[in-house]
Each structure stands twice: as structure tokens, then as C-alpha cells.
Amino acid sequence: MESHLTVLLSLTAVWLAAGWLADGLPRLDHARALRRRTGWVLALTLTGLGLTAAVLVAGLSSAGATAADRAAAGLTLAALPALVVAACTVRRVRRLRAGAGALSSAPETPAPHGLRASAAHPLIGLPVQVTGLAILPAVIAASTPDLLFGPGVTGPAITVGVLGVAAIGVRHALRHNRLVERAVPARPASARAAGPLHV
């Protein structure tokens, strides 16, 4: 196996594992489990960011068609979602972990809907998952070069990728909205019967 393919496979494994764990955060209904899982997501996300940055720097600093250059070229598509992870996701996961930690003194403390809604925010799971998926074309191209770049394949591959990312984003948004609605306290029946207050 070529060295740049090994690097890309390792990066893909780290990002997809982080995305899989992040996707399961809103399903956790105990604060201690949520805190532990956010710790794993944070560790894997920071590892993925560090490895991605190291590969990109190594590719930029080397001359010629080395393995580092080929691996860095494969990460071009993943650079933008990785920047979103660094700018938005890491901060949100840290806040989520701190919020879960404040409630996790007892092992059976339930995670409130507001905390689970924060865990379901699209800027937590979506950028991580998109980063992992964005490395997959480079892995496929490195293992079977003629598969993605044959005649009539590139256009459908891009369409499928865009539709897949859109479907994941819609799923995250719907789940986040559902949990936000649960977190909003219901109005008392007397307030509903009185109707809006006119000033």
C-alpha cells in the first residue's frame, strides 16, 4: 500500500469515527454519558485537525511529487469543512462538555432537552462528517485511480456527493429543531386561553 494512501486512510478513519460519535450525542439522555462522549468527540476532532494540518504543511513544504504532496492534494476538498470544524465545532463541543460536566455529579442525572438540542446543532456533527466524507474521493482515487476520473463519472459523483451532504444537513437541522421545541417550556393553559396581551 502506498504511503500517501495509508495517510489518507488514517485521516478518514479519525474523521469518520468523530462524525459517528458526534451523530450519537443527541441520543444520550444522561449528563455523565454526554460528557464522556463529548470528550471522545473533542479528542478525535482535535486529532483529525492536527493530522490534517500536518499533512497539508508537509505537502506545501516538500518539493516534487512526493507521498506528502499526493496526500496533501487529496485533502484539498476537505480543507474548507476542516476550517469550519476548527472555527465553530471545537468551541461548541467544549461548551457542551462543560454544560454536561456541570450536571454530571450524579451518574443518573438526566440530560435536559436544552443540552441535547445543543448537542444536535448542525455545526457540531455536520462539519465533522463532511470532512470525513470529503477525504473519501481522494482515498478512492489513490486506491483505484481510474474509478472516479473515467469518462462520464465525475459529474454524477459530484452530484451524489452534494445530495448526500444536503441530506445529512437537513437531517441535522430537523433533529435540532425537534429537540429545541422540546426544550421550550409549554405555556400554561390560562395564558393560552387569555390570548395575546394588547398594550
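So, here's what we can say about the structure. Keep in mind it's a predicted model, so treat the numbers as computed, not measured.

### Things to note about the overall build of the protein chain
- For the protein chain, the helix and strand inventory stands at 9 helices and 0 strands.
- Moving toward the C terminus, one meets the helices and strands of the protein chain in the order α-α-α-α-α-α-α-α-α.
- A buried classification covers 37% of the 199 residues belonging to the protein chain.
- Of the contacts formed within the protein chain by residues at least 6 apart in sequence, a portion of 78% connects residues at least 24 apart.
- Carbon and sulfur atoms make up 70% of the accessible area of the protein chain, which amounts to about 11,000 Å² in all.

### Focus on the nonpolar core
- Leu-8, Trp-15, Leu-25, Leu-34, Leu-96 and Ile-135 are the most contacted members of the largest nonpolar core, which has 36 residues in total.
- At the level of secondary structure, the elements contributing two or more residues to this core comprise helix 1 (3–23), helix 2 (31–61), helix 3 (67–74), helix 4 (79–103), helix 5 (113–119) and helix 6 (122–143).
- When residues of this core are assigned to their parent elements, the largest contribution, 8 residues, is made by helix 1.
- Filtering out sequence-adjacent residues up to four positions away, Leu-8 remains in contact with Ala-71, Leu-75, Ile-135, Ala-138, Val-139 and Ala-142.

### Observations regarding helix 4
- End to end, helix 4 covers 35 Å across 25 residues, agreeing with the expected 36 Å (1.5 Å per residue, within 8%).
- Along its length, helix 4 reaches its greatest deviation from straightness, about 40°, at Val-85.
- Here helix 4 has its buried residues at Pro-81, Ala-82, Val-85, Thr-89, Val-90, Val-93, Leu-96 and Ala-100.
- Along its buried surface, helix 4 packs onto helix 1, helix 2, helix 5 and helix 6.

### A look at the environment of Leu-96
- Mapped onto the elements, Leu-96 comes out in helix 4.
- Measuring from C-alpha to C-alpha, the distance between Leu-96 and Arg-35 comes to 7.8 Å, with 61 residues separating the pair along the chain.

Cut-offs used in this document
Residues numbered from 1 in each chain as written. Predicted model: local features only at pLDDT ≥ 70, side-chain atom pairs only at ≥ 80, totals over all residues. Heavy atoms only, no water. Helix = DSSP H or I, 4+ residues; strand = E, 2+ residues; numbered from the N terminus. Buried < 20%, exposed > 50% of the residue type's maximum accessible area, 1.4 Å probe, protein only. Contact = heavy atoms within 4.5 Å. Areas by Shrake-Rupley, 256 points an atom, 1.4 Å probe, with all protein chains shown as cover. Core = buried A, V, L, I, M, F, W, Y, C linked by side-chain atoms within 4.5 Å. Expected span 1.5 Å × (residues − 1). Bend = angle between axes of the 7 residues up to and from the residue.

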